[in-house]
Amino acid sequence: MKLLNIIVLSLTVFFCLEVSAQTEYPGKNFYVAVKNGTRTLTGVPGKDYKNNFAEYKIDAKFDSQTHILEGEETILYHYNSGAPTTTMVVNLYRNIYKKGVQRLRQCAVEDITDEGMEILDVQQILKTGKNSDVFTSISGTKLFITLNGRMKEGETVSIYIKWRNKIAANTHHRGGKYRENSWFIPYWYPQIAVYDDIYGWDRINHSGNEEFLFEFANYDVNLTIADNLCVWATGELQNRDQIFNKNIITLIDKASRTNAKIDIITPQNRSAVLKQSQNTWHFKADSVPDFVFACSNEVNWTMSSLQVAPKKPRTKTSVVYFDGRFKGVLDMVNKTLDYLSNQRPNVPYPYSHMTIFQGSGGMEFPMMVNEDFDNNYDDDFFTTSHEVTHSYFPFMTGMYQNRYAFMDEGLTMFVPQIFQNNNFEHRDIITSAVRNMLYSQGSDDNVPVMTPSYSQTDLWVYTINSYYKPQLAYTFLEDIVGEEVMSKILKEFTLNWIGKHPHPYDFFNFCEHVSSLNLKEFFYSWFFITGVPDLAVIQVKDNVITIENKGSIMLPIYLKINYKDGTTEIIERNALCWAGGNNVVNMSVKKDIEFIQIGNERIPDADLSNNNWRADK
Ligand SMILES: [Zn+2]
């Protein structure tokens, strides 16, 4: 998701916390999984790690006049790993719009309904082929199903669900209605929750603030939509010959073979795109964590394609937009996919297409992005490249973004930051992150980054902890391990966790394993305590400079020294100079010092009053 623009304030409140040498991260859930052989202490999946998987067959109909989206689906749930259970948990994320459901995001009053996601029927399809009624209960955004008998590891359970939902038209909560008849509709079907080796069933209620956790699945979706609405979705359209007029198919094929931008739908041909006004759109997508769609009869569609890696089919890229200037976003998408596939994380973009819809905010979905248009190059480049990077984190690697938003947002901020800086006209993304991080540092409302995201109800604290602080932690981690090792970590961690659910400790452990360094103290100072970024020059005596880490966060040292002979020197140390619980570093220089300044605009420091030292006249 796109971060909020945060007003920069400087804070001078600070306090100290003792950091001692760490041998193990806190908590027990992860270590039980290590003991069970599903996780390891080197950050790769354990030999007994198995992911559960689902297959959806969904038939749905959306009426854009009444806003009713209704359908039926069969979920084949492959319970590859887990304890015997009679419970199945299904996400009903759209219950955020249900009367009485607890939420942290405001919804328009007109969008709140008594029913929310109305569950009309749930049946278990037994191995005999017969249907069996099951007991169900709904709590918040979760549907709990009591199965007919225990579900055991290795079994496949089949569930039928019939449902109905009035789609919110006045609230733009990661989607919604745009203009007269344009819709971006996320989280629109009952979706199997994640059951995994660390937490069992994911029972975290969605309150609007935190993000989501998805199980990997294959989707076979039929969407029936009238009013000449054209549909864009996760997956590949299976029946385009039945839907599009021939000239549109010719244009799509042309765009699928060229890097050039081809206009598929324009104001001139918009009324002659579809063969009939009502269509059933058949999409299929394999091994994706979610399925989203957008539909409209009033947008433009421009498409191109690119070769992200040799021997792979060309990736189709599209922009679907109201404002003609949005077309430039297509170049940003193509540049980003090329960077991600060939630089960092240097893993080919995994999907057949990436389609950006001009809607609101900035929100990622598998193969789709919903974003606004700022008409500011740096803002639009940031939003586009950020949301496209989410294809890797959390979609390729199924990160626990509802519990640890910093996992996917931190990496999504860090991974493309050099690329973004190279493309920005005016912005330095690291300096911005420093300014934004300082907003919460030292505040009584601050909590450690590792605090579960659903407990971080202060939006500023949540944003800083999920985006800027991990981004800077990884920036300083790269100072420690070097560019080459950091690139190796990003690539190999991604490859190791495709289609699985990595925990933060998997990432921390993987960094240590690949770099052969003890980084626990570093991670502890950035992720497990609040701390305050604050380095100070506390003494200069006989050409020995004493620097103190007053705030417990392990920061790099950047020291600019002006000598009395008129020369200057820059001395740098990476953040591991504070290892071993060390909060004082001494540095000797050979010449007499006139003036010292510690820090710069790319290193956070909450108290600048102790950053300078000047020799007595
Ligand atoms: Zn994001």
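These figures come from a predicted structure and were not determined experimentally.

Q: Account for the environment of I561, naming residues and giving values.
A: Considering the arrangement of structural elements, one finds I561 in strand β27 (residues 557-563). The exposure class assigned to I561 is buried, which follows from the 21 C-beta atoms found within 10 Å. The sequence separation of I561 and D592 amounts to 31 residues, and the corresponding C-alpha distance is 9.9 Å. Excluding its chain neighbours within four sequence positions, the residues that come into contact with I561 are T568, E569, I571, V589, I593 and I596.

Q: Please set out the sheet that holds strand β25 (residues 535-541) residue by residue, giving values where relevant.
A: Here we have three strands laid out as an open sheet, ordered β25-β26-β29, and antiparallel in their pairing. Bordering the open sheet on either side are β25 and β29 (584-588), each of which pairs with just one other strand. For this sheet, the mean angle separating the axes of adjacent strands, direction not counted, is 25°. Here β25 pairs with strand β26 (residues 544-549) via six bridges, running antiparallel. Following the sheet pairing, L535 is matched in β26 by N549.

Q: Which residues make up the domain arrangement of the protein, and what values go with them?
A: Domain parsing of the protein yields domain 1 (52-207), domain 2 (216-333 + 351-378) and domain 3 (535-614). Measuring from the centre of the C-alpha atoms in domain 1 to the corresponding centre in domain 3 gives 55 Å.

Q: Report on the nonpolar core, specifying residues and quantitative values.
A: Residues V231, F293 and A294 are the most contacted members of the largest nonpolar core, which totals 164 residues. If one sorts the elements of this core by residue count, helix α10 (residues 459-481) sits on top with 10 residues. The residues contacting V231, other than those within four sequence positions of it, are L223, I225, W281, F293 and C295.

Q: How would you explain the sheet that holds strand β16 (residues 236-237) if you had to name every residue and give the values?
A: Taken together, eight strands build an open sheet; the order of strands is β5-β4-β8-β2-β1-β14-β18-β16 and the sheet is mixed. Edge positions in the sheet fall to β5 (131-133) and β16, since each of these pairs with one other strand and no more. Direction of pairing for strand β1 (residues 53-63) relative to strand β14 (residues 217-225): parallel, over a ladder of nine bridges. When the sheet's bridge partners are listed, E55 is paired in β14 with N218.

Q: Just give me the short version of the environment of K520, but keep the residues and values in it.
A: With respect to the element layout, K520 can be found in helix α13 (residues 520-528). Taking the C-alpha atoms as reference points, K520 and G176, separated by 344 residues in sequence, lie 43 Å from one another.

Q: An account of the confidence of the model for the protein is needed here, citing residue identities and associated values.
A: Parts of the prediction with low pLDDT should not have their coordinates interpreted in detail. Scored by pLDDT, the protein comes out at a mean of 95, with 96% of its residues at no less than 70. Below a pLDDT of 50 lies the segment residues 5-21, which in the model reaches 42 contacts outside its immediate sequence neighbourhood of four places, other chains included.

Q: Pulling in residues and values, what's your account of the packing of helix α4 (residues 329-342) against helix α5 (residues 377-389)?
A: Between two packed helices, both the angle of their axes relative to each other and the distance between the axes serve to describe the pair. Between α4 and α5, the shortest axis-to-axis distance is 9 Å and the interhelical angle comes to 45°. One way to sum up the angle between α4 and α5 is to call them oblique. Crossing of α4 against α5: the hand is right-handed. Judged by residue contacts, V329, M332, V333, T336, L337 and L340 of α4 engage D380, F381, T384, S385, V388 and T389 from α5.

Q: Any chance you could break down helix α11 (residues 483-496) for me, citing the residues and the numbers?
A: The terminal C-alpha atoms of α11, which comprises 14 residues, lie 20 Å apart, in line with the 20 Å expected from a rise of 1.5 Å per residue. By the burial criterion, the buried members of α11 are M486, I489, L490, F493 and T494. Seen from one end, α11 has its buried residues packed into an arc of 115°, which puts them on one side.

Q: Tell me what's going on with the pairing of strand β10 (residues 182-185), and back it up with residues and numbers.
A: Of the two faces of β10, both are covered, the one formed by S182 and F184 as well as the one formed by W183 and I185. Inspection of the sheet shows strand β9 (residues 176-178) paired to β10 by three bridges, in the antiparallel sense. The residue bridging Y178 from the neighbouring strand is S182, located in β10. Count of turn residues in the β9/β10 antiparallel hairpin: three residues, of which R179 carries a positive phi of about 50°. In terms of strand pairing, β10 meets strand β19 (residues 293-296) through four bridges, oriented antiparallel.

Cut-off values and rules
- Residues numbered from 1 in each chain as written.
- Predicted model: local features only at pLDDT ≥ 70, side-chain atom pairs only at ≥ 80, totals over all residues.
- Helix = DSSP H or I, 4+ residues; strand = E, 2+ residues; numbered from the N terminus.
- Buried ≥ 20, exposed ≤ 12 C-beta atoms within 10 Å, placed from the backbone.
- Contact = placed C-beta atoms within 7 Å.
- Pairing = 2+ DSSP bridges.
- Axes fitted to C-alpha atoms, helices over the stretch in contact; angles between N-to-C directions.
- Domains from an automatic or database assignment.
- Core = buried A, V, L, I, M, F, W, Y, C linked by C-beta atoms within 7 Å.
- pLDDT = per-residue confidence, 0-100.
- Parallel < 35°, antiparallel > 145°, perpendicular 65-115°, else oblique.
- Left-handed = near helix turned anticlockwise from the far one by under 90°.
- Expected span 1.5 Å × (residues − 1).
- Arc of directions from axis to C-beta.

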